[in-house]
2 protein chains.
Amino acid sequence: MVFRKTAIKTYEFHIFDSKIMKRKVTLKHIAKELDVSISTVSKALRNSVEISEDTKEKVQAFAKLYNYKPNNIALSLKNRKTKTIGVIIPEIVHYFFSMVIRGIERIALERGYNVIVGLSNESFDKEVINMETLANGSIDGFILSISKETLFQQDYHHFNETINQGMPIVMFDRVINEIPCDKVIVDDLDGSKKAINKLVSNGCKNIALITTKDYVSVGRLRTQGYMEALSENGIAPNAELILKVDDKLEAENHLDVLEQSIEQLIRNNATIDGIYAVNELYAMTSMKVARKLGKNIPEDLQVIGFTDGVLSRHSSPTLTTLSQHGQQMGEKAAELLFDRLENEEENEIYQTIVINTELIERESTK
Amino acid sequence: MVFRKTAIKTYEFHIFDSKIMKRKVTLKHIAKELDVSISTVSKALRNSVEISEDTKEKVQAFAKLYNYKPNNIALSLKNRKTKTIGVIIPEIVHYFFSMVIRGIERIALERGYNVIVGLSNESFDKEVINMETLANGSIDGFILSISKETLFQQDYHHFNETINQGMPIVMFDRVINEIPCDKVIVDDLDGSKKAINKLVSNGCKNIALITTKDYVSVGRLRTQGYMEALSENGIAPNAELILKVDDKLEAENHLDVLEQSIEQLIRNNATIDGIYAVNELYAMTSMKVARKLGKNIPEDLQVIGFTDGVLSRHSSPTLTTLSQHGQQMGEKAAELLFDRLENEEENEIYQTIVINTELIERESTK
DNA sequence: ATTGACAACGCAAACGTTTTCGTGTTGAAA
DNA sequence: TTTCAACACGAAAACGTTTGCGTTGTCAAT
């Protein structure tokens, strides 16, 4: 086997494993073949001045020929960092969360990190298990959004323990203020106000709210924004117009229940001329039910949903929504985490970054 | 600090690091504190018979108190396996692919594996880079679906090299027959036939096809199924009725182009009474355009799409689709990979598993 | 001939495990 | 008292790196 390095030098290496190389080649292999020490090989590959030009060329040629790549695991052990982060999300078949992952992954690729994804499925136990299996050296830090069950039980010991062991966490969207970590959230409260203000200025007098139970932080904030915006516009909130859906039974598989609840809401309050829903699915379903009840959108009823997703863009009529900028949230979260990981002196000051929502006007509003 | 192990024994450990423990505790720490060797600690924790009951109890109590967990990286290095797999997909904000991930993750959790996700963004270069950064010891094997650009360029060297280095690959959905690895695919050809047969038996005489350019393997197969099914039903395929969309410009951001193409198709062929589209978006857009042109669905025009997603379920009318069972594909792919990884003697016989599509009838067909 | 400097390289430790093998201590059998 | 097994534990190698430092060898200067 002949390998030409330059026009000047020609190296001749005999294949050191007659069969096709299966296992990856290591420094040790190279050292043995070239009859030098492992240290010499390592230094030669890193272009150390300690090594002669001749040796460097020979080693580098050999390494290239056999496609040597340093073993990441060994490097991780030595450097005590893995260049890998863990991302725990409640659900992946979901426009917003997959957008966040896309954002995280983009920055990770850019900065040389890998991303391990764990799904909690909205379950406390799975969240804990996922975190425990990753926190034992596999990763350098976490990015996560808290599961509904965890929010409901209000048991946050696993977050605190992880942080106490020196592993940083960045939380996004569903966060807990008390936990000492960086956070990226959306302006749930202000976003809601934008939506309500829009509806009011479009002439709506009776605006209904379709939201979740209060233990989901984002649901609570969006509800609060609705209340405040109404007040600010001199409208007295009417409890009749607020539908709090129990999302223990995830809507996707219990559409009928959702539809019935909304139908009741609209039937019982014939004067409704605006609906604000805290997510895309609730908004879509509202439009569907309303049309069934003979209402024209947006003439009789205007609808706005939180979370801009694929449904909003492709429904008919298309849906006016508040965009959460999921990808941007992911990017920001990743940057916060990487910056913290690469900053030697640990900084006890944690940031909370607020990403502004944007009202995207489509056909469901005038 | 007092720790009660049983009613009989009481151990008293002094905190060996007066500050709150930051870095994770290792065998070495425990050994030093308890004044035994590292080997003894290791054996005691694994309940070796070599160690006396007394010592075992003491070590285990201490380990539990300080929440000792073995370092995964060190284990990976020693065992030469990481219990982690890499998953490379073209896109994550996508119903089908995120379903696959969900399936993979479910099995991975069950069998004690972690999942690193890499996105190719349909780009050849990113696919290669992602694979190279993972193939250096970070993972034990790959699950992947080939990017469009790679399919277009037909450059598969990175797959072959990875396999030659002894790292198994499982491909799903977009696969290449020539590559020696396990595969999980959907019955694209048969699925198409189901759809066409349905339309024909529902009375359609002029069925249009909206598909992609041929280099995407699944697109080609679905097109082929359309052709064959027509022939089998005694209908001569009509080139006029076939629209091959250039998906270099991803539809999501070029909806206008897509809509215009479809509008032309329908205008030029007034007799069209059925449309079969190779994905959900094409089908949805067809319905939208058709309605704009005054066609009633399903009375005047029936529509079936490949890939059952969130759009199909929530559009109005709801869309009849072929379900790809993405989650099941992910589960199967993961099982194939884990089985191969855990099988000592390497098996040169590769399987191709075909997941059957299922026709889900909704409102867009009679 | 003796020094000293410098170039070129190897040794060994370290990261945190597991595991094989060796060793010292006990107690009982001879 | 000697011998030997059983017991309980420790030393060291291995996984694949990087790096500080010690060790050679060569050659010019004294």
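Residues numbered from 1 in each chain as written. Chains lettered and ligands numbered in written order. Predicted model: local features only at pLDDT ≥ 70, side-chain atom pairs only at ≥ 80, totals over all residues. Heavy atoms only, no water.

### Here's the deal with the overall build of chain A
Line of reasoning, step 1. Along its length, chain A carries 14 helices and 14 strands.
Line of reasoning, step 2. At 28 Å, chain A has a C-alpha radius of gyration far larger than the 21 Å of a compact globule built from 366 residues.
Line of reasoning, step 3. Taken over the C-alpha atoms alone, chain A extends approximately 90 × 40 × 30 Å along its principal axes.
Line of reasoning, step 4. Sorting the 366 residues of chain A into buried and exposed places 54% on the buried side.
Line of reasoning, step 5. Partitioning the intrachain contacts of chain A with sequence separation of at least 6 by distance along the chain shows that 72% fall at a separation of at least 24. (Helix = DSSP H or I, 4+ residues; strand = E, 2+ residues; numbered from the N terminus. Rg over C-alpha atoms; globule rule 2.2 N^0.38 Å. Buried < 20%, exposed > 50% of the residue type's maximum accessible area, 1.4 Å probe, protein only. Contact = heavy atoms within 4.5 Å.)

### Side note on the protein's contact with DNA strand D
Line of reasoning, step 1. Taken together, 28 residues form the shell around DNA strand D, and within it Lys-43 of chain A together with Thr-40, Lys-43, Glu-50 and Thr-55 of chain B come nearest.
Line of reasoning, step 2. Sugar and phosphate atoms represent 61% of those atoms of DNA strand D found within 4 Å of the protein.
Line of reasoning, step 3. Contact distances for DNA strand D include 2.8 Å between a phosphate oxygen and a side-chain N or O atom of Ser-42 of chain A.
Line of reasoning, step 4. Ser-39 of chain B is positioned with one of its side-chain polar atoms (N or O) 3.2 Å from a base nitrogen of DNA strand D.
Line of reasoning, step 5. When residues of the surface near DNA strand D are traced back to their parent elements, those giving at least two are helix H1 (27-34), helix H2 (38-45) and helix H4 (72-79) of chain A together with helix H2 (38-45) and helix H4 (72-79) of chain B.
Line of reasoning, step 6. Among the elements that make up the surface near DNA strand D, the one with the highest residue count is H2 of chain A (4 residues).
Line of reasoning, step 7. Here the residues of the surface near DNA strand D are counted per class, giving 9 nonpolar, 9 polar and 10 charged. (Near = heavy atom within 4 Å. Polar contact = N/O pair within 3.5 Å; in protein donor to acceptor, adjacent residues only side chain to side chain. Nonpolar A, V, L, I, M, F, W, Y, C, P; charged D, E, K, R; others polar.)

### Some thoughts on the environment of Glu-149 of chain A
Residues and elements named next belong to chain A.
Line of reasoning, step 1. Structurally, Glu-149 can be placed in helix H7 (residues 148-153).
Line of reasoning, step 2. You can call Glu-149 partly exposed: its relative accessible area is 32%.
Line of reasoning, step 3. For the pair formed by Glu-149 and Asp-125, sequence separation is 24 residues and the distance between their alpha carbons is 8.9 Å.
Line of reasoning, step 4. Ignoring any residue separated from it by four or fewer positions in sequence, one finds Glu-149 in contact with Glu-122, Ser-123 and Phe-124.

### Digging into the relation of the copies chain B and chain A
Line of reasoning, step 1. In screw terms, the move from chain B to chain A is a rotation of 180° and a rise of 0.0 Å along the axis, fitting with an RMSD of 0.1 Å. Read as a symmetry element, the transformation amounts to a two-fold axis. No C-alpha of chain B lies nearer the rotation axis than that of Ile-116 of chain B, which sits 2.1 Å from it.
Line of reasoning, step 2. Same-surface contact between copies: 100% of interface residues of chain B are shared with the interface of chain A. (Least-squares fit on C-alpha atoms with pLDDT ≥ 70 in both.)

### Considerations on the protein's contact with DNA strand C
Line of reasoning, step 1. Residues in close proximity to DNA strand C total 28 residues, the closest being Thr-40, Lys-43, Glu-50 and Thr-55 of chain A together with Lys-28 of chain B.
Line of reasoning, step 2. The sugar and phosphate moieties of DNA strand C supply 61% of its atoms located within 4 Å of the protein.
Line of reasoning, step 3. One nitrogen or oxygen atom from the side chain of Arg-80 of chain A is found 3.2 Å from a sugar or linking oxygen belonging to DNA strand C.
Line of reasoning, step 4. A distance of 3.1 Å separates a base oxygen of DNA strand C from a polar side-chain atom of Lys-43 of chain B.
Line of reasoning, step 5. Breaking the surface near DNA strand C down by element, the ones donating at least two residues are H2 and H4 of chain A together with helix H1 (27-34), H2 and H4 of chain B.
Line of reasoning, step 6. In terms of residue count, H2 of chain B provides more of the surface near DNA strand C than any other element does, 4 residues in total.
Line of reasoning, step 7. For the surface near DNA strand C, the class distribution of residues is 9 nonpolar, 9 polar and 10 charged.

### Quick look at a positive patch on the surface
Line of reasoning, step 1. A contiguous patch of positive charge, built from Arg-23, Lys-28 and Lys-32 of chain A together with Arg-80 of chain B, is present on the exposed surface.
Line of reasoning, step 2. Within the secondary structure, Lys-28 of chain A is located in helix H1. (Patch = residues over 30% accessible without salt bridge, like charges linked within 9 Å, V, L, I, M, F, W, Y side chains within 5 Å. Areas by Shrake-Rupley, 256 points an atom, 1.4 Å probe, with all protein chains shown as cover. Salt bridge = Lys/Arg side-chain N within 4 Å of Asp/Glu carboxyl O. Lys, Arg positive; Asp, Glu negative; His and termini not counted. Charge placed at Lys NZ, Arg CZ, Asp CG, Glu CD.)

### Describing the interface of chain B and chain A
Line of reasoning, step 1. Facing the 55 residues of chain B at the interface are 55 residues of chain A.
Line of reasoning, step 2. It is Ile-73, Asn-136 and His-314 of chain B in chain B that bury the most area against chain A; as a group they hold 13% of the surface buried on that side.
Line of reasoning, step 3. The partner of Glu-91 of chain A in a salt bridge is Arg-102 of chain B, with the nearest N and O atoms 3.2 Å apart.
Line of reasoning, step 4. Inspection of the chain B/chain A interface yields 17 residue pairs in polar contact (both at pLDDT 80 or more).
Line of reasoning, step 5. Looking at the side of chain B that touches chain A, the elements with two or more residues in it are H4, helix H5 (95-111), strand S4 (114-119), helix H6 (124-134), helix H8 (157-164), helix H12 (280-292) and helix H13 (310-314) of chain B.
Line of reasoning, step 6. Of the residues assigned to the side of chain B that touches chain A, the class counts are 24 nonpolar, 18 polar and 13 charged. (Buried area = accessible area lost by both parts, 1.4 Å probe.)

### Quick look at the sheet that holds strand S12 (residues 320-323) of chain A
Residues and elements named next belong to chain A.
Line of reasoning, step 1. Reading across from one edge, S9-S8-S10-S11-S12-S14 is the order of the 6 strands in this open sheet, with mixed pairing throughout. Both outer strands of the open sheet, strand S9 (242-245) and strand S14 (358-360), are each paired with one neighbouring strand and no more. Between one strand axis and the next, the sheet turns through 15° on average, direction left out of account.
Line of reasoning, step 2. Here strand S10 (residues 274-277) runs beside strand S11 (residues 302-306); their pairing, made up of 4 bridges, is parallel. Paired with Gly-274 across the bridge in S11 is Gln-302.
Line of reasoning, step 3. Lying over the sheet, helix H9 (residues 188-201) contacts strand S8 (207-212), S10, S11, S12 and S14, oriented at roughly 170° with respect to S11.
Line of reasoning, step 4. Where helix H11 (residues 255-268) meets the sheet, it contacts S8, S9 and S10, and its direction lies at approximately 170° from that of S9. (Pairing = 2+ DSSP bridges. Axes fitted to C-alpha atoms, helices over the stretch in contact; angles between N-to-C directions.)

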